[in-house]
Structures are given as structure tokens and as C-alpha cells.
Amino acid sequence: MSPKISFRDVVKTYPMKNTTFTALGQVSLDIGDREFVAVVGPSGCGKSTLLSMVAGLVEPTSGTVTVDGAPVTGPGPDRGVIFQQYALFPWLTVRGNVEFGLKLAHVPAAERRRRADHAIELVGLADFADALPKTLSGGMKQRCAIARAYAVDPEVLLMDEPFGALDALTRVQLQDQLLDTWTQERRTVLFITHDVDEAVYLAGRVVVMAARPGRIHRVIDVDLPYPRTEEIRLSAEFARIRNDVWTHVYHQSPAGSAA
Amino acid sequence: MSSRARELLSDGTLTEDALASLQRVLLGFALGTLVAVPVGFLMGWYPVARGLLEPYVQFFRTIPPLALIPLVIVLMGIGETPKIFVIFLAAFMSCVVAAFQGVTGVDRTLIDAARVLGASDRTVFLKVVIPASTPFILVGMRIGLGAAWATVVAAEMIGAQKGLGFEMVHAQTYYDVPTIFVGLISIGVIGLVMDRLLLLAERRLTAWQERR
Ligand SMILES: Nc1ncnc2c1ncn2[C@@H]1O[C@H](COP(=O)(O)OP(=O)(O)O)[C@@H](O)[C@H]1O
Ligand SMILES: [Mg+2]
């Protein structure tokens, strides 16, 4: 089966004063249709860069990024993005935010309202549909951002440390909710996190990255069944995989000598 | 002094003067804002426009509008045009910088968030950049209105038949201190009321802002 997302020899450099800085050096990776892939790695290893290239917000310096076999040429509503900083439009209500993408797609008002309300319901914000973002907690803001992405029904969901700024309890709630939705209507998910537990709990495959230059260090399969439960989170197999990922994240050999 | 105020009110002079001054300010201010907002947006959005215009704006901003009065009188005479022009400049300079900073200060991730939902450059500008920079523009308008009001009074001292500034200079030649005071207080009260009105508008239009 051909991959949904494919990175081929992708390099990203940024010009510096008198050198170039290699943010990402030679990354190749295939992500299957409806697969849930998590990316972990030290900060600055190019995780956001990787994601932004699929989103069409950053262009690779060389190599190609394709979605459904076609090179990414810019952003589009087929790929939803969820940012760590929520990025809600503060002058719009929750419903206004969720309808934003639907308006751009010229969805008629009644249909738009129905789809927005459905997405808002899905993330548990029904009571806050008319609230402004400034009145919401961090967790509720991120729920709203997730609803906004769901509303346009993208095939690919790109999430850049979406739960990184939330407290532990809210984070677990949102993880479970995300998995619930994903098991119901499977999309391809690329999920970036710095939390190893989160990566293993959510993903079918964990990509461990290394820094300087940013590259893929290891890809680890998570052979745990869905739906993921509390039981699985506490199982010996979960612990084994988590330790494996942990080891590769925090005991990376210096650049060049890595396998 | 209060008896002088009552006299000036009952014979209509005070109202007439205040209206004359207000009319000049509002006209100059409206024109200044109307031109400043698109120019500021242009500078913030297109690097070319910024490169072309910013040096001039930054330079002229350092000249107090009042300092231009001699030049403006030479070029435009002593009718209404030079007065309104100077007020226009005062309002324009405050507002153009605010609009420009509003655009350049828009949160990058908000723009990205709109683009990934399918927004074109045009839509990003209309639906993100404009609302996001509204708070800056309103602050600029308030500063601009203050500057315009300060300028009109001074401009009227140079040659006018009516206006609060004119009335005060006129009173000065007769050592008419009460009239001068009535003028000063009127200027203060009207300035304060206008500022409060704009502040109110600002609060209502930007109620969505998170205030820290
Ligand atoms: N626009 C840019 N200009 C210069 N350097 C950049 C730019 N964007 C990112 N970088 C650098 O590229 C590296 C990777 O960044 P990023 O993808 O954000 O890492 P991560 O998300 O893993 O923390 C970092 O060292 C960062 O400083
Ligand atoms: Mg990042």
C-alpha cells in the first residue's frame, strides 16, 4: 500500500551569518494511511520543522514531501494542524473559530452550523459554544482548536506538542478523547511530543529523532492493541516499550556515530 | 469667571467657538485616520511599501506638526486648509505608526492557523490581520485625536475668525483673563470627553482581548 505521507531525503537548512544551519539532514520516512505516528526527540531536533513541511508552511531545502503521492506545495484544509499555543482567533467565539474553515470552504450556513456544533460536541465544549477564548482554560482552548481542525474533516491531522502546556490530568483526558475519535473515524495522525509516555500510549509507531543535525534516530513499533486502556498503560509490555523509547531519546550517541 | 462663562454661553460665542474648533479637529482627524490606516497596512504587509515609506514616516514623525505651520501658511495661505492640513498630519502620524505596528505584530501562528484552514493571502488579511491589529489602531486613534486637539488650538492662534484658540488670543490682547480661563477649561473638558468616547469605543471593540 502506498504511504499517505512520505519524506524522501528531506533536508532543511537555514542561512546563518556566514554559514548555513542544518535544521534537518536527510530524513526519509513513510507514514501509512490512517496510521498514528508519534515523534519524540530533544528540543531543537527539527520536529516542528518536519510537521510544518507536511502542513505546507515550510518548504524543504532539498528532497520531497508528498501527501497521497503529490508533493506538498502549500497549506490546505486536507491537512489539519493543531498548534501548542492553540492559535485561536481571540475575537471569535468558540463556534466562530470552529466555523472559520467551513466558511472558507463556502459550506452553507445551516450545514456549517450543524458541522460546527457536531465538532464542538465531540470535544465536550457544547456549553461554551458562544464563549470567547479569553474565558476558557488552556485545556478548553485546545479542545476548541481540535474541534476547529475536525470541523473541516481533514484526512491528515498534524499535532505539534498539542498537550505540552496542559496539566497532567487534562492531558490524559485529551489523550483519551483523541484516541476515541481516532478509533471511530481513523485519520492519519502525525503527533509531536516531548513526553515519551504520551508517545507510546497514543501511537502505533514512535519515531525518535536526534539533534545537530536533526535526523531520525530510531523508529520503534508499539505493538499494543487499540483501544488503549488504563490496563494497557499499566502493563509490563507498555513499560518495556516506554523504556526502549526512553533509552533512545536520552542516551543518544553523538552525531555521526549513531546507527 | 463663571459669570464670564455664562455670558459667553448665553450670547452663543462659546458654543460657536467650540463648534468651529471641533469641526476642524474632526475633519482633520477623520481624514488623517482614513489615510493612515491603509498606508499603515500597506507598510506592514508589503516589505516594498515599508522600505519606500518608512524613512519618511519616521522622519516626519519627529517634527511636531506645529513646527510646520509657518511652511503651511506660506504654501496654503491662512484659510481653513492649512489648519485642517496640520491637524490631518498630527492625526495621520500617530495613526499610521500604530496601524503599521499592528500589522507587523500579528501573531505568526494565527496567520498559519488561518492558512492551514485554507485561507488565501486576501482572506488572511481581511479575517486575521485587520481584526488582530484593531486594538493597535484604536490606541493610535486616541493618541491621534489628542494630538489633533492640541494642534487645532495652536493653529487657531495664528489666524482665524472663530475657534477656542482664536478667542483666547483675542482675549489676551485685552488682558481678559476670565475669557482665557473659560477657553482653557473648555479645551480641557472637550478633549477629555472625546478621549473618553474613544476609550469607550476601544473597550467595546476589543472586549475579546485578554488583558493582563
Ligand atoms: N526560521 C528559522 N530560522 C533559523 N533557524 C530556525 C528557523 N526555524 C527553526 N530553526 C531552527 O531549526 C531547529 C529545529 O527547529 P524545530 O523544528 O522548531 O525544533 P523542535 O520542534 O524539535 O524543537 C532549531 O535549532 C531552530 O532554532
Ligand atoms: Mg517544536
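Residues numbered from 1 in each chain as written. Chains lettered and ligands numbered in written order. Predicted model: local features only at pLDDT ≥ 70, side-chain atom pairs only at ≥ 80, totals over all residues. Heavy atoms only, no water.

- Under an unreviewed UniProt entry, the name given to chain A is ATP-binding protein, and the organism recorded is Streptomyces violaceusniger.

1. Concerning the overall build of chain A
And step 1. A tally of regular secondary structure across chain A gives 8 helices and 10 strands.
And step 2. What you see for chain A is a C-alpha radius of gyration of 19 Å, in line with the 18 Å of a compact globule of 259 residues.
And step 3. With respect to the three principal axes, the spread of C-alpha positions in chain A is 55 × 45 × 40 Å.
And step 4. Out of the 259 residues in chain A, the part that is buried amounts to 53%.
And step 5. For chain A, restricting intrachain contacts to residue pairs at least 6 apart in sequence, the fraction spanning at least 24 positions comes to 69%.
And step 6. For chain A, the exposed area adds up to about 11,600 Å²; of that, 51% sits on carbon and sulfur atoms. (Helix = DSSP H or I, 4+ residues; strand = E, 2+ residues; numbered from the N terminus. Rg over C-alpha atoms; globule rule 2.2 N^0.38 Å. Buried < 20%, exposed > 50% of the residue type's maximum accessible area, 1.4 Å probe, protein only. Contact = heavy atoms within 4.5 Å. Areas by Shrake-Rupley, 256 points an atom, 1.4 Å probe, with all protein chains shown as cover.)

2. Notes on the site of ligand 1
All names here are of chain A.
And step 1. Looking at ligand 1, the residues that line it are Tyr14, Phe21, Ala23, Ser43, Gly44, Cys45, Gly46, Lys47, Ser48 and Thr49.
And step 2. Tyr14 places a side-chain nitrogen or oxygen 3.3 Å from a nitrogen atom of ligand 1.
And step 3. When the free accessible area of ligand 1 is taken as 560 Å², the share hidden by the protein chains comes to 60%.
And step 4. Among the secondary structure elements, those contributing two or more residues to the shell around ligand 1 are strand S2 (20-31) and helix H1 (47-55).
And step 5. For the shell around ligand 1, the class distribution of residues is 4 nonpolar, 5 polar and 1 charged. (Near = heavy atom within 4 Å. Polar contact = N/O pair within 3.5 Å; in protein donor to acceptor, adjacent residues only side chain to side chain. Nonpolar A, V, L, I, M, F, W, Y, C, P; charged D, E, K, R; others polar.)

3. Focus on the side chain of A:Glu35
All names here are of chain A.
And step 1. Structurally, Glu35 can be placed in the loop between S2 and strand S3 (36-40).
And step 2. Glu35 sits in the buried class, given a relative accessible area of 18%.
And step 3. A polar contact of 2.7 Å, which involves the side chain of Glu35, links it to the backbone nitrogen of Gly32.
And step 4. Beyond its immediate chain neighbours, meaning those up to four positions away, Glu35 contacts Asp30, Trp182, Arg187, Thr188, Val189 and Arg205.

4. Notes on the pairing of strand S1 (residues 5-15) of chain A
Residues and elements named next belong to chain A.
And step 1. Bridge count between S1 and S2: 8 bridges; the pairing is antiparallel. Across the sheet, residue Val10 finds its bridge partner in S2, namely Val27.
And step 2. Connecting S1 to the next strand, S2, in antiparallel fashion are 4 residues.
And step 3. Pairing of S1 with strand S4 (residues 62-67), which is carried by 5 bridges, proceeds in the antiparallel orientation. Across the sheet, the residue bridging to Ile5 is Val67, located in S4. (Pairing = 2+ DSSP bridges.)

5. Section: the domain arrangement of chain A
Residues and elements named next belong to chain A.
And step 1. According to the domain assignment, chain A consists of domain 1 (1-78 + 156-259) and domain 2 (87-153).
And step 2. A straight line from the C-alpha centre of domain 1 to that of domain 2 covers 26 Å.
And step 3. Of the residues lining the interface, 14 residues belong to domain 1; the matching set on domain 2 comes to 12 residues.
And step 4. Together, the buried faces of domain 1 and domain 2 total about 1,000 Å²; carbon and sulfur atoms form 57% of this surface.
And step 5. In this structure, the connection of domain 1 to domain 2 is made through 1 salt bridge.
And step 6. One can count 3 residue pairs in polar contact (both at pLDDT 80 or more) joining domain 1 with domain 2.
And step 7. Looking at the side of domain 1 that touches domain 2, the elements that each hand over two or more residues are strand S7 (156-160) and helix H5 (168-184). (Domains from an automatic or database assignment. Buried area = accessible area lost by both parts, 1.4 Å probe. Salt bridge = Lys/Arg side-chain N within 4 Å of Asp/Glu carboxyl O.)

6. Considering the interface of chain A and chain B
And step 1. Taken together, the contacts link 23 residues of chain A with 19 residues of chain B.
And step 2. Summed over both partners, the interface of chain A with chain B comes to about 1,800 Å²; 74% of that surface belongs to carbon and sulfur atoms.
And step 3. By the criterion of area lost to chain B, the three top residues of chain A are A:Trp91, A:Leu104 and A:Lys134, representing 32% of everything that side buries.
And step 4. Linking chain A with chain B are 1 salt bridge.
And step 5. Ionic pairing is found between B:Glu210 and A:Lys141, a salt bridge with its closest N-O pair at 3.0 Å.
And step 6. Here chain A is connected to chain B by 2 residue pairs in polar contact (both at pLDDT 80 or more).
And step 7. For the side of chain A that touches chain B, the secondary structure elements donating two or more residues are strand S6 (79-82), helix H2 (94-104) and helix H4 (138-151) of chain A.
And step 8. Grouping the amino acids of the side of chain A that touches chain B by side-chain chemistry returns 15 nonpolar, 4 polar and 4 charged.

7. Here's the deal with H4(A)
All names here are of chain A.
And step 1. The terminal C-alpha atoms of H4, which comprises 14 residues, lie 20 Å apart, in line with the 20 Å expected from a rise of 1.5 Å per residue.
And step 2. With 13 of 14 residues buried, H4 lies mostly within the body of the structure.
And step 3. Backbone geometry just after H4 places Asp153 at a positive phi near 55 degrees. (Expected span 1.5 Å × (residues − 1).)

8. Thoughts on the pairing of S3(A)
All names here are of chain A.
And step 1. In terms of residue burial, S3 counts as a mostly covered element, since 5 of its 5 residues are buried.
And step 2. On S3, burial covers both faces: Phe36, Ala38 and Val40 on one face and Val37 and Val39 on the other are all buried.
And step 3. Sheet topology places S3 next to strand S9 (residues 205-210); 4 bridges connect them, and they run parallel. Residue pairing across strands places Val40 opposite Val208, the latter belonging to S9.

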